[in-house]
Amino acid sequence: RRINPLTPEEQDRFGQSLGPAVWNLHYLRAMMRDRGGDWPGAEADLREALRLYPNEPGVLNYLGYSLLEKGHRLPEARTLIEQAAALRPGDGGVIDSLGWMQLQAGEVDAAVATLERAVSLEPLDPTVISHLGDALWRQGRRIEARHRWRQALGLGSDADLQRGLQARLDYGLDAAPAMLAQR
C-alpha cells in the first residue's frame, strides 16, 4: 500500500501509459492550483494539457484569459483566446474572453459587438453582462452601461463582483477602483 504521492518519474510513466487522454487531468489540476493561489503550477499544467491536446478550446481559453488578467504575455494571450473562439464560436464564455481581450487592447467598438454576442449566448452570466457594461461605458454609452451593471447585480454572483458592480453604479467605471480601494 502506497501512501506517498508519485515521484516525477512515476508521474511521467503514468502519463505515458494513459497517452494523450491525460490532458484533462492536467487541466483539472491547473484549475485547482489556480484557485489555490499557485499560478506557476497552474500555468505549467495548462501548458502540459495543451502539449497533449493542442486544440482544446477550454484549455486555450483558460490559459489565454489568465494571462490577460495577469497582464502577462499579452500577444500570446490574444492568440490563445482567438484560437479558442475560432474552435468554439457558440461558447459564450469563450466569446466573452475574446471581447474582454479586445476591450483591454482598446478595441472598444469590436469589444462591444463581441460582448453583445457573448451576452446573447450567456444571458444569465453576471460576469459576461458586467464586461458588456464596461465596454459600453468605454464607448460612451453610460446609460446602457449602468443598465447592464444593474442587470448583472440582480443576477447575484460572488461578493467581489457584487462590490465591483455596486461601485461602478455608484461612481462610474473610471472611479470605481479608487473607491473600492478606500473601503
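As a reminder, the structure under discussion sits directly above these lines.
Points about the overall build of the protein chain
Helix and strand counts for the protein chain come out as eleven helices and zero strands. Across the protein chain, helices and strands are ordered from the amino to the carboxyl terminus as α-α-α-α-α-α-α-α-α-α-α. Expressed as a percentage of contacts within the protein chain between residues at least 6 apart in sequence, the contacts between residues at least 24 apart total 44%. Accessible area for the protein chain stands at about 10000 Å²; split by element, carbon and sulfur atoms hold 54% of it.

Remarks on the pattern of salt bridges
This structure, assessed with the given rule, holds 17 salt bridges. Across the salt bridge formed by Arg78 and Glu82, the nearest N and O atoms sit 3.0 Å from each other. Here Glu82 and Arg78 lie together in helix H5 (residues 74-87), a separation of four residues that amounts to about one turn. Given the relative accessible area of 25%, Arg78 is considered partly exposed. Its relative accessible area of 35% is what places Glu82 among the partly exposed residues. Linking Asp134 and Arg168 is a salt bridge whose minimum nitrogen-to-oxygen distance equals 2.8 Å. Here the residue Asp134 occupies a position in helix H8 (residues 126-138), and Arg168 occupies one in helix H10 (residues 159-171), the gap between them amounting to 34 residues. No difference in accessibility class separates Asp134 from Arg168, as the two residues are buried. Each member of the salt-bridge network shares a partner with another, and the members are Arg29, Arg33, Asp38 and Asp45.

A look at the nonpolar core
Tyr27, Leu46, Val59, Leu63 and Trp149 are the most contacted members of the largest nonpolar core, which totals 48 residues. Beyond its immediate stretch of four places on either side in the chain, Leu63 contacts Trp39, Glu43, Leu46, Arg47, Leu50 and Leu80.

Calculation notes
Residues numbered from 1 in each chain as written. Predicted model: local features only at pLDDT ≥ 70, side-chain atom pairs only at ≥ 80, totals over all residues. Heavy atoms only, no water. Helix = DSSP H or I, 4+ residues; strand = E, 2+ residues; numbered from the N terminus. Contact = heavy atoms within 4.5 Å. Areas by Shrake-Rupley, 256 points an atom, 1.4 Å probe, with all protein chains shown as cover. Salt bridge = Lys/Arg side-chain N within 4 Å of Asp/Glu carboxyl O. Buried < 20%, exposed > 50% of the residue type's maximum accessible area, 1.4 Å probe, protein only. Core = buried A, V, L, I, M, F, W, Y, C linked by side-chain atoms within 4.5 Å.

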